[in-house]
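Listed below, chain by chain, are the residues.
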Amino acid sequence: MKKVLITGAAGFLGSHLSDRFLAEGFHVVGMDNLITGNMDNISHLFKEEHFEFYQQLIALRKAHPAFRMPSTAMIQKYGKTKGTEPGRIRKR
Ligand SMILES: NC(=O)c1ccc[n+]([C@@H]2O[C@H](COP(=O)([O-])OP(=O)(O)OC[C@H]3O[C@@H](n4cnc5c(N)ncnc54)[C@H](O)[C@@H]3O)[C@@H](O)[C@H]2O)c1
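Asks: Looking at this structure, I do not really get the overall build of the chain. What am I missing?
Replies: Of regular secondary structure, the chain possesses one helix and four strands. Along the chain, helices (α) and strands (β) appear in the sequence β-α-β-β-β when read from the amino end. Counting every position in the chain, which comprises 92 residues, the buried fraction comes to 24%. Taking contacts inside the chain between residues at least 6 apart in sequence as the whole, the part at least 24 apart equals 61%.

Following this line, the structure appears as structure tokens:
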């Protein structure tokens, strides 16, 4: 089964992306620090076997300012790179 990591999963775009990827048969790992997101947006997903969620800040300390405050969901495949398991975000 393919897996996706959706950051900002509790936001508007992220919650809809989570719906879509689950419907497409993916295992979805959602992360969100809930700064503007709302758990109500994803509460219906917790019954799904293939949805897991982590309240997690996703930020790179030395990132370009444009990337310090992601306002939308970014998707990246994970699982093939060591250290990218859920809840084990590597610090730079
Ligand atoms: N019904 C509608 O049409 C509707 C409803 C809501 C929003 N909108 C539109 O959607 C757009 C906003 O949607 P969006 O999904 O981009 O924004 P969003 O704020 O809904 O989602 C961004 C998510 O990222 C999270 N986040 C931000 N920084 C983070 C970080 N460093 N680490 C982890 N999580 C982090 C936030 O908590 C939030 O859940 C706007 O244009 C808005 O007008 C439309």
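Asks: I keep staring at the nonpolar core and nothing clicks. Help me out?
Replies: One broad trend across soluble globular proteins is that nonpolar side chains are buried collectively. By size, the foremost hydrophobic cluster in this structure holds 12 residues: V4, L5, I6, A9, A10, L17, F21, V28, V29, M31, I42 and F51. Every element with two or more residues in this core is listed here: β1 (3-7), α1 (12-23) and β2 (27-32). Apart from the residues lying within four places of it in its own chain, the contact partners of F21 are V4, F26 and V28.

Asks: Is there a simple way to think about the pairing of β2 in this case?
Replies: Regular strands place side chains that alternate from one sheet face to the opposite one. Of all six residues in β2, five are buried; the element is thus mostly enclosed. Pairing geometry for β1 and β2, over five bridges, is parallel. By the bridge assignment for β2, V4 is matched with V28. Note on the crossover from β1 through α1 to β2: the handedness is right-handed. Looking at chain direction, β2 and strand β3 (residues 51-55) are connected through five bridges and run parallel. Looking at β3, one finds that V29 is bridged to E52.

Asks: Which parts of the structure should I look at to understand unusual backbone geometry?
Replies: In most cases, non-glycine residues show a negative phi, while peptide bonds are predominantly trans. Although it is not a glycine, L34 sits at a positive phi angle of roughly 65°. The residue L34 is located in the loop between β2 and β3 in this model. Here L34 falls in the exposed class, since 12 other C-beta atoms lie within 10 Å of it.

Asks: Teacher, can you tell me more about α1 here?
Replies: Compared with an ideal rise of 1.5 Å per residue, which puts 12 residues at 16 Å, α1 spans 17 Å between its outermost C-alpha atoms and is within 8% of the ideal. Every buried residue of α1 is accounted for by G14, S15, L17, S18 and F21. All buried residues of α1 lie within an arc of 160° about the axis, which places them on one face of the element. Phi for G25, located one or two positions after α1, is positive at around 95°.

Asks: What is the right way to read the environment of V29 from this model?
Replies: Its location among the elements puts V29 in strand β2. Measuring from C-alpha to C-alpha, the distance between V29 and Y54 comes to 7.8 Å, with 25 residues separating the pair along the chain.

Asks: How should the environment of E48 be read in this particular structure?
Replies: For E48, the location among the structural elements is in the loop between β2 and β3. Look at E48 and you get partly exposed, because 14 C-beta atoms sit within 10 Å. In sequence terms E48 and L22 are 26 residues apart; their C-alpha atoms lie 8.5 Å from each other.

Analysis parameters
Residues numbered from 1 in each chain as written. Predicted model: local features only at pLDDT ≥ 70, side-chain atom pairs only at ≥ 80, totals over all residues. Helix = DSSP H or I, 4+ residues; strand = E, 2+ residues; numbered from the N terminus. Buried ≥ 20, exposed ≤ 12 C-beta atoms within 10 Å, placed from the backbone. Contact = placed C-beta atoms within 7 Å. Core = buried A, V, L, I, M, F, W, Y, C linked by C-beta atoms within 7 Å. Pairing = 2+ DSSP bridges. Right-handed = clockwise from strand over helix to strand, strands pointing away. Expected span 1.5 Å × (residues − 1). Arc of directions from axis to C-beta.

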